[in-house]
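These are the residues of each chain, in order.
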Amino acid sequence: MAARILLSRTSLKNFNHFLHPPIHDSSSSSQFLRSLCSLVSRQFNSRHAKNPHPGYSRSMVSASSYNLDENPSLDLDTRVPATIITGFLGSGKTTLLNHILTSQHGKRIAVIENEFGEVDIDGSLVASHSSSNEDIVMVNNGCLCCTVRGDLVKMLLQLVKEKREKFDHIVIETTGLAKPSPVIETFCMDELVSRHVKLDGVVTLVDCKHAMQHLNEVKPRFVVNEAVEQVAYADRIILNKIDLVTEAELETLTKKIKHINGMAQIKLAKFGSVDMDFVLGVGGYDLERIDNEVQVDSSCTSSHHHEAGHEHDNHHHDHVHDSTVSSVSIVAEGTLDLDEVDDWLERLIEEKGEDLYRMKGVLCVNGSDQRYVFQGVHSTLDGCPGGTWGPDEKRINKLVFIGRNLDETSLRKGFRGCLA
Ligand SMILES: Nc1nc2c(ncn2[C@@H]2O[C@H](COP(=O)(O)OP(=O)(O)OP(=O)(O)O)[C@@H](O)[C@H]2O)c(=O)[nH]1
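These numbers were taken from a predicted model, which means no experiment stands behind them.

## Describing the overall build of the chain
In step 1: On a plain count of helices and strands, the chain comes out with 14 helices and 13 strands.
In step 2: Per-residue burial over the chain gives 48% buried out of 420 residues.
In step 3: Of the contacts made within the chain by residues no fewer than 6 positions apart, 81% connect residues no fewer than 24 positions apart.

Put into structure tokens, the structure is as follows:
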């Protein structure tokens with residue numbers, strides 16, 4: 001098994017769009033952040049703090065070993081964005097990667113790949129499609145899936161230290177049998193990595209022909225169904241190989257996917273052919289963009305009337321087997337009490353952090369004209385004040401939880417308990 005770093009060149013682009021606009025402080029926002037700070041596994045990232053980058057608690061490799069700047073610019077977010085491509089064996093990950101490397105998106109891409117087997121098949125596929133082979137660099141390293149944290153941390157830091165001027169974006173292709181969570185957690189948990197690289201999004205390829213079989217596969221107790229996990233963690237899902245299925249099959253699969261992940265945007269594709277802005281620059285972990293990201297599929301909404309304090313259940317449970325990994329969406333008008341939200345999320349994370357894969361929310365809280373946005377992975381939570389509510393805008397709270405064995409009734413009850 002090998003992991004490689006490839007650098008492929010397209011044109012140069014600056015990093016202006018990675019700027020973090022300053023967010024105005026207010027007493028209520030400070031209170032919100034302080035209170036959230038107190039709860040989330042002590043790994044909370046406050047945009048109000050001096051350092052705009054996540055202040056996570058663990059670091060696997062010391063800064064000195066990579067000779068990296070300990071204090072990058074405090075105002076500009078110059079971190080390089082990273083996209084994780086995941087998906088089951090043969091779902092089309094390398095095909096998508098080739099599409100990314102040969103498309104005109106103006107970004108220079110560094111690729112970290114790993115795979116099984118001695119033969120470097122995927123590498124040669126990527127290389128043969130790359131526009132500038134002379135810029136491809138290979139670095140042999142350990143197996144990404146087995147020792148993912150340590151090796152990935154080393155590779156990312158090495159890449160940033162030695163090649164930072166040569167790329168604008170990192171794409172990590174995981175092996176089809178890998179759980180994506182250790183890769184994702186590397187970005188959340190490692191302080192040095194999170195200082196230099198930011199997770200942009202998780203893109204999951206789904207092989208429409210074979211996905212149902214993999215998603216429905218019953219695993220022994222405590223054994224993870226990788227196919228389900230790969231869908232659950234996605235910010236973007238590409239239903240690939242649509243040329244091989246009927247419309248009816250596609251519809252059933254789409255329902256199944258939405259049941260697992262009601263948060264991710266979905267696109268249908270042949271040979272991974274999607275617009276580049278669907279996969280690059282996703283901002284899946286950017287609080288500034290969560291308002292747009294937390295969209296609840298109206299086709300799955302039981303009612304479209306928004307009444308004060310009444311939330312809609314968007315738990316997608318029709319016509320699908322219970323895979324134990326699912327999503328629950330709550331859409332409700334009403335103003336929330338900050339202290340209650342604080343207590344609720346604290347309890348939730350303490351009791352259910354292991355099972356909570358992803359969560360995102362846009363909240364209307366008392367005493368503030370600003371939205372409050374949060375996003376989290378397991379027990380890591382990140383939150384800050386967002387945009388201001390319009391004068392005539394309905395203040396609707398939107399929350400999405402994706403996880404294992406989610407207790408929908410309890411989540412809804414917990415939410416209701418936060419209403420002011
Ligand atoms: N018919 C059809 N074939 C596709 C499509 N997308 C990819 N393929 C083919 O499916 C096969 C597997 O694609 P890859 O891109 O290698 O898939 P992968 O996920 O990287 O595979 P592993 O690295 O083995 O996990 C290749 O032969 C592709 O040409 C599609 O949309 N339709």
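## Notes on the nonpolar core
In step 1: Core analysis: the biggest nonpolar cluster contains 92 residues, and Leu156, Ile170, Ile184, Val206, Val231, Ile238 and Phe401 have the highest contact counts within it.
In step 2: Counting residues per element, this core draws most heavily on helix 5 (residues 148-163), which supplies 7 residues.

## Concerning the site of the ligand
In step 1: The full set close to the ligand counts 19 residues, and Gly92, Lys93, Thr94, Thr95 and Gly176 are the nearest of them.
In step 2: A total of 3 residues in the shell around the ligand trace back to one element, the largest contributor, which is helix 3 (residues 93-102).
In step 3: Considered class by class, the residues forming the shell around the ligand number 4 nonpolar, 9 polar and 6 charged.

## Description of the confidence of the model for the chain
In step 1: For the chain, the average pLDDT comes to 72, and 65% of its residues sit at 70 or higher.
In step 2: The weakest mean pLDDT in the chain belongs to helix 1 (residues 27-37) at 38; the strongest belongs to strand 6 (residues 236-240) at 97.
In step 3: For this predicted complex, the interface score ipTM comes out at 0.99, alongside a pTM of 0.73.

## With respect to the UniProt feature "domain: CobW C-terminal" (unreviewed entry) in the chain
In step 1: The residues that UniProt annotates with the feature "domain: CobW C-terminal" (unreviewed entry) are residues 325-419.
In step 2: With 25% helix and 46% strand, the stretch residues 325-419 has end C-alpha atoms that lie 27 Å from each other.

## A short note on the pairing of strand 13 (residues 396-404)
Along a regular strand, successive side chains alternate from one face of the sheet to the other.
In step 1: Counted residue by residue, strand 13 has 7 buried out of 9 residues, so it is predominantly covered.
In step 2: By the bridge criterion, 6 bridges tie strand 10 (residues 356-364) to strand 13 in an arrangement that is antiparallel. Looking at the pairing, methionine 359 lines up with phenylalanine 401 of strand 13.

## Let's talk about the environment of valine 279
In step 1: With respect to the element layout, valine 279 can be found in helix 11 (residues 276-279).
In step 2: The class of valine 279 is buried, set by 25 C-beta atoms lying within 10 Å.
In step 3: Residues valine 279 and lysine 166, 113 residues apart in the sequence, show an inter-C-alpha distance of 20 Å.
In step 4: Residues contacting valine 279, with those up to four places away along its chain left out, are Thr83, Ile100, Val203, Arg236 and Val274.

## A closer look at unusual backbone geometry
In step 1: Positive phi values are uncommon outside glycine, yet lysine 241 reaches one of about 65°.
In step 2: Residue position: lysine 241 is located in the loop between strand 6 and helix 10 (247-260).

## Remarks on the pairing of strand 7 (residues 265-268)
In step 1: Direction of pairing for strand 6 relative to strand 7: parallel, over a ladder of 4 bridges. In the sheet register, isoleucine 238 faces strand 7, and the bridge partner there is lysine 267.
In step 2: On the question of chirality, the crossover connecting strand 6 to the parallel strand 7 by way of helix 10 is right-handed.

Quick notes on the rules
- Residues numbered from 1 in each chain as written.
- Predicted model: local features only at pLDDT ≥ 70, side-chain atom pairs only at ≥ 80, totals over all residues.
- Helix = DSSP H or I, 4+ residues; strand = E, 2+ residues; numbered from the N terminus.
- Buried ≥ 20, exposed ≤ 12 C-beta atoms within 10 Å, placed from the backbone.
- Contact = placed C-beta atoms within 7 Å.
- Core = buried A, V, L, I, M, F, W, Y, C linked by C-beta atoms within 7 Å.
- Near = placed C-beta within 6 Å.
- Nonpolar A, V, L, I, M, F, W, Y, C, P; charged D, E, K, R; others polar.
- pLDDT = per-residue confidence, 0-100.
- UniProt positions renumbered as here; feature names shortened; annotations may be inferred.
- Pairing = 2+ DSSP bridges.
- Right-handed = clockwise from strand over helix to strand, strands pointing away.

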